[in-house]
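Structural description and commentary
Here are the chains, one letter per residue:
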Amino acid sequence: MRIGIVCPYSMDAPGGVQIHVKDLAARLIALGHTVSVLAPAEEETDLPDFVVGTGRSVAVRYNGSVARLAFGPVTARRVAAWLEQGEFDVVHIHEPLSPSVSLLALRSAETAVVATFHTATDRSRAMHIAYPMLRPFLERISARIAVSEEARRTVVEHIGGDAVVIPNGVEVGQFLAASPRPEWQGTPERPTVVFLGRTDEPRKGLGVLLAALPALRDLVPGVRVLVAGRGDLDDAREIDARYPGTLKLLGEISDEEKAELLRSADAYIAPQTGGEKLGIVLVEAMGADAVVVASDLPAFRRVLDEGRAGYMFPVGDATALAETVARALTDREESERRREHARTWREQYDWNVVTQQILDVYRLAVGEDPDPLLDEVPG
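Conventions used here
- Residues numbered from 1 in each chain as written.
- Predicted model: local features only at pLDDT ≥ 70, side-chain atom pairs only at ≥ 80, totals over all residues.
- Heavy atoms only, no water.
- Buried < 20%, exposed > 50% of the residue type's maximum accessible area, 1.4 Å probe, protein only.
- Helix = DSSP H or I, 4+ residues; strand = E, 2+ residues; numbered from the N terminus.
- Arc of directions from axis to C-beta.
- Core = buried A, V, L, I, M, F, W, Y, C linked by side-chain atoms within 4.5 Å.
- Contact = heavy atoms within 4.5 Å.
- Pairing = 2+ DSSP bridges.
- Expected span 1.5 Å × (residues − 1).
- Right-handed = clockwise from strand over helix to strand, strands pointing away.
- Axes fitted to C-alpha atoms, helices over the stretch in contact; angles between N-to-C directions.

Comments concerning helix 5 (residues 149–158)
Among the residues of helix 5, those classed as buried are Glu150, Ala151, Thr154, Val155 and His158. An end-on view of helix 5 places all buried positions within 150° of arc, on one side of the element. The positive-phi residue at the C-terminal boundary of helix 5 is Gly160, with phi of around 80°.

Observations concerning the nonpolar core
Core analysis: the biggest nonpolar cluster contains 40 residues, and Val194, Leu196, Leu261, Leu262, Tyr268, Leu282 and Met286 have the highest contact counts within it. Take this core: its biggest share by element is 6 residues, from helix 10 (residues 280–287). The residues touching Tyr268, leaving out its near neighbours within four places in the chain, are Val194, Phe195, Leu196, Leu262, Val281, Leu282, Ala285, Ala290, Val291, Val292 and Val293. In this structure, Leu206, Leu213, Phe313 and Ala318 belong to the second largest nonpolar core, which totals 32 residues.

Things to note about the sheet that holds strand 8 (residues 141–146)
Where strands meet in a sheet, backbone hydrogen bonds hold them as pairs that are either parallel or antiparallel. In spatial order, the strands read 3-2-1-6-7-8-9; together these 7 strands make up an open sheet with parallel pairing. Whereas interior strands pair on both sides, the edge strands pair on one side only; in this sheet they are strand 3 (51–53) and strand 9 (164–165). Two strands pair when backbone bridges link them, and strand 6 (residues 90–94) and strand 7 (residues 112–117) are joined in this way by 5 bridges, in the parallel orientation. Within strand 7, the position partnered with Val91 by the bridge is Val113.

Let's talk about helix 2 (residues 73–86)
Between its terminal C-alpha atoms helix 2 stretches 20 Å, which fits the 20 Å expected from 14 residues at 1.5 Å a residue. When we look at burial in helix 2, the residues that qualify are Thr75, Ala76, Val79, Trp82, Leu83 and Gly86. Buried residues along helix 2 cover an arc of 125° about the axis, so they all sit on one side. Facing away from the buried surface of helix 2 by more than 90 degrees, the exposed residues are Pro73, Arg77, Glu84 and Gln85.

Comments concerning the pairing of strand 6
Extensive coverage of strand 6 is indicated by the burial of 5 of its 5 residues. Neither face of strand 6 is exposed, since Val90, His92 and His94 on one face and Val91 and Ile93 on the opposite face are all buried. Of the crossover connections in this fold, the one passing from strand 6 over helix 3 (residues 101–108) to the parallel strand 7 is right-handed.

Details of the side chain of Arg346
When you line up the elements, Arg346 lands in the loop between helix 13 (332–345) and helix 14 (351–365). The class of Arg346 is buried, set by a relative accessible area of 6%. Those residues in contact with Arg346 that sit more than four places away from it in its chain are Val172, Leu176, Met286, Gly287 and Asp289.

Things to note about the sheet that holds strand 11 (residues 224–228)
Reading across from one edge, 12-11-10-13-14-15 is the order of the 6 strands in this open sheet, with parallel pairing throughout. Looking along the sheet, the strands with just one partner apiece sit at the ends: strand 12 (247–251) and strand 15 (311–313). Going from strand to strand, the sheet's axes swing by 20° on average, the running direction of each strand aside. Here strand 13 (residues 267–270) pairs with strand 14 (residues 291–295) via 4 bridges, running parallel. Residue pairing for strand 14: Ala267 is matched across the bridge by Val291.

Function cannot be read off these values alone, since they describe shape.
This is the structure in structure tokens:
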């Protein structure tokens, strides 16, 4: 097939949607399909050969965060030219209602359109007001995908209709194949727990983890907490000064180092307080065979199979976090039971499964029969 994929967010700033789009395109190309990705990107940005940049983007507060979007007449002309030159069998638009290249592509596409919805949100007044204007564009969509049950609920409640749930893909095997680093790997006397995320974004929950540290040290005296991610670390340094040898600040790390870090961890901690749509990092941690301890956000409950594939604690509760991590580190039989469940549960997120499910949707969108072998794919 000739497939066009549209990403609304700039490739200049890393993010979950951008990573998903690039990984999906690479997978489809490896299977023999012709794929072009359209996304905002500066002229000097180093992009894969299959990505076409639309030029400069603008930082805009969108969906509870700051996103770099591209719009305006120049961008619209570039979108139209890309669609005309691509002669695509199907155009796969991510976040089709975002005020960026996605909405422009949806407006101009004249072939089968598949839309993926990543956002999970409560009903908003702005969306309610905009719906009558967006409805003609929504009617262009041939098939809808939601990356989670929460995102599907948003589609049903906000714009009507339904969507098939296909989660974002993860290279599960990449994390399991990573080699632990001796300096990060724990021992029975000094187990290691890991936090990954933007350290200066409150909703990522580092503050909750730091507040739990004194109690966690009391419960597991030899514990080491490894913190990786970009952002301000002043609060963490203050805690580190009070509890030397417990907290290790790694700063920003590469994707390869992330896999090695997760593979080295006895437990991965996800203390996020809100705004999480997917919880892909939990799947990555499960892929590395780490025991996962996460706040009980809806997206995390879904990823951890309501706690059967990991441990959960109430959002924002530092005391409960400490107690739950301590249990994960000391109750080895229970942790192994949950880890064993995770080994089966995580397979539904593997890119081999996800790619075939998305191809099935493409075939339906263009009027072809889906691959009957897909009925046998787990997940």
